[in-house]
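Fold and geometry: a report
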Amino acid sequence: MTGVIESASNEKIKTAAKLAVSSKERKEKNSFLLEGLRLCRDAAECEITVRTFFYTKIALEKHEADVRFISSKAENTFQISNAAAAKLSDTQSPQGFFCVCACMPVCNEESVLKSGKFIALENVQDPANLGAVARTAEAMGITALITESGCDIYNPKAQRAAMGSLLRLPVVRTDDLGSLIGRCKAKGFKAYATTPSFSARSITDVDMNGSVIAVIGNEGNGVSKKIFDSCESVTIPMKGRAESLNASVAAALVIWELMRG
């Protein structure tokens, strides 16, 4: 279906806008909203189901080939007014590209967690942190991301920070990270949990060979006691007076050590 939408009050626009702000709506509709040329094109190239593609007249004038390509992959396409685009946009300078996509199939734990290097995020709340970790993880060759609780991977800010990585990197979601780690350890995995405590072993001194899960904790509270009890505690050595690192920065350093192992 193709068409033109002028009103910001159009039901299709209102429904899509809700996906940007509500995790509950995303779960109920099994859909999420992407904004921006790069993310919309990434979704189309990744063969993610694009249910509806919205673009503005300016987007068509500037990027006609991209509009045509994304339209060829979308089930429905609409040119929309600037007012409708403003209703959908979560950025200061919208490019006029928006895609309503079907949520990706849930990764099966058994098929993904066979071997490799994994970063697990326990209750990481900030979408910018989630997206940045995913971007670094994909860039450095991490096998998959594991998440328990925390930010929704379809949060628009997380998707933007990930720059497409959350569309490509396998993500295993779990309600019980401790049990998952236990199952992996039974298969020979090593498991490490990060802490700012100087009493823990330096991450540069631990064995990262073989299959490994490294856990990054919540921004305010760190890794929970339950997870610490199932992992070896490791720390990133710091010489300055800062008490801890931002979650995404800590993850980047851990990922570097993981991939050197």
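As a reminder, the structure under discussion sits directly above these lines.
The structure reproduced in this document is the subject of the present report. (Residues numbered from 1 in each chain as written. Predicted model: local features only at pLDDT ≥ 70, side-chain atom pairs only at ≥ 80, totals over all residues. Heavy atoms only, no water.)

Time to look at the packing of helix α3 (residues 37–45) against helix α5 (residues 64–73). Relative orientation of the contacting elements α3 and α5 amounts to 40°, with a least axis distance of 9 Å. Taken together, α3 and α5 sit at an angle that is classed as oblique. Between α3 and α5 the crossing geometry is left-handed. Contacts between α3 and α5 involve Leu37, Cys40, Arg41, Ala44 and Glu45 from the former and Asp66, Phe69, Ile70 and Lys73 from the latter. The residue makeup of the contact of α3 with α5, split by class, is five nonpolar, no polar and four charged. (Axes fitted to C-alpha atoms, helices over the stretch in contact; angles between N-to-C directions. Helix = DSSP H or I, 4+ residues; strand = E, 2+ residues; numbered from the N terminus. Parallel < 35°, antiparallel > 145°, perpendicular 65-115°, else oblique. Left-handed = near helix turned anticlockwise from the far one by under 90°. Contact = heavy atoms within 4.5 Å. Nonpolar A, V, L, I, M, F, W, Y, C, P; charged D, E, K, R; others polar.)

Under the defined criterion, the tally for this structure stands at five aromatic pairs. What links up through ring pairs into an aromatic cluster is the set Phe53, Tyr55 and Phe97. Here the basic side chain of Arg41 rests over the ring of Phe69, its NZ or CZ set 4.2 Å away from the ring centre. (Phe/Tyr/Trp six-rings, centres within 6.5 Å; stacked < 30°, edge-to-face > 60°. Lys NZ or Arg CZ within 6 Å of the ring centre and 35° of its normal.)

It is worth spelling out the sheet that holds strand β11 (residues 212–216) at this point. Strands sit in the order β8-β7-β6-β11-β9-β12-β10 across an open sheet of seven strands; the sheet is parallel. Because the sheet does not close on itself, it has two edges, and the strands there are β8 (171–174) and β10 (201–202). In this sheet, strand β12 (residues 232–235) lies alongside strand β9 (residues 190–194) in parallel orientation, the contact comprising three bridges. Paired with Tyr192 across the strands is Glu232, a residue of β12. Contacts between helix α11 (residues 177–186) and the sheet are confined to β6 (117–122), β7 (144–148), β8, β9 and β11, with β11 contributing the most and set at about 160° to the helix. Along the sheet face, helix α13 (residues 247–260) touches β6, β9 and β11 and points at about 165° away from the line of β11. (Pairing = 2+ DSSP bridges.)

This next bit is on α3. Taken together, the buried positions of α3 are occupied by Leu37, Leu39, Cys40, Asp42, Ala43 and Ala44. The secondary structure elements touched by the buried residues of α3 are β2 (31–35), β3 (50–56), α5, β5 (97–102), α9 (156–162) and α10 (165–168). A positive phi of about 60° marks Glu47, the residue just after α3. (Buried < 20%, exposed > 50% of the residue type's maximum accessible area, 1.4 Å probe, protein only.)

Scanning all chains against the criterion turns up 18 salt bridges. Note that Asp66 is salt-bridged to Arg41, the shortest N-O span being 2.8 Å. You can see Asp66 sitting in helix α5 and its partner Arg41 sitting in helix α3, a full 25 residues away along the chain. By relative accessible area, Asp66 is classed as buried at 17%. Taking relative accessible area as the criterion, Arg41 reaches 26% and is therefore assigned partly exposed. The residue Arg260 makes a salt bridge to Glu257 at a minimum N-O spacing of 3.0 Å. Residue Arg260 and its partner Glu257 are located together in helix α13, separated by three residues, close to a single helical turn. (Salt bridge = Lys/Arg side-chain N within 4 Å of Asp/Glu carboxyl O.)

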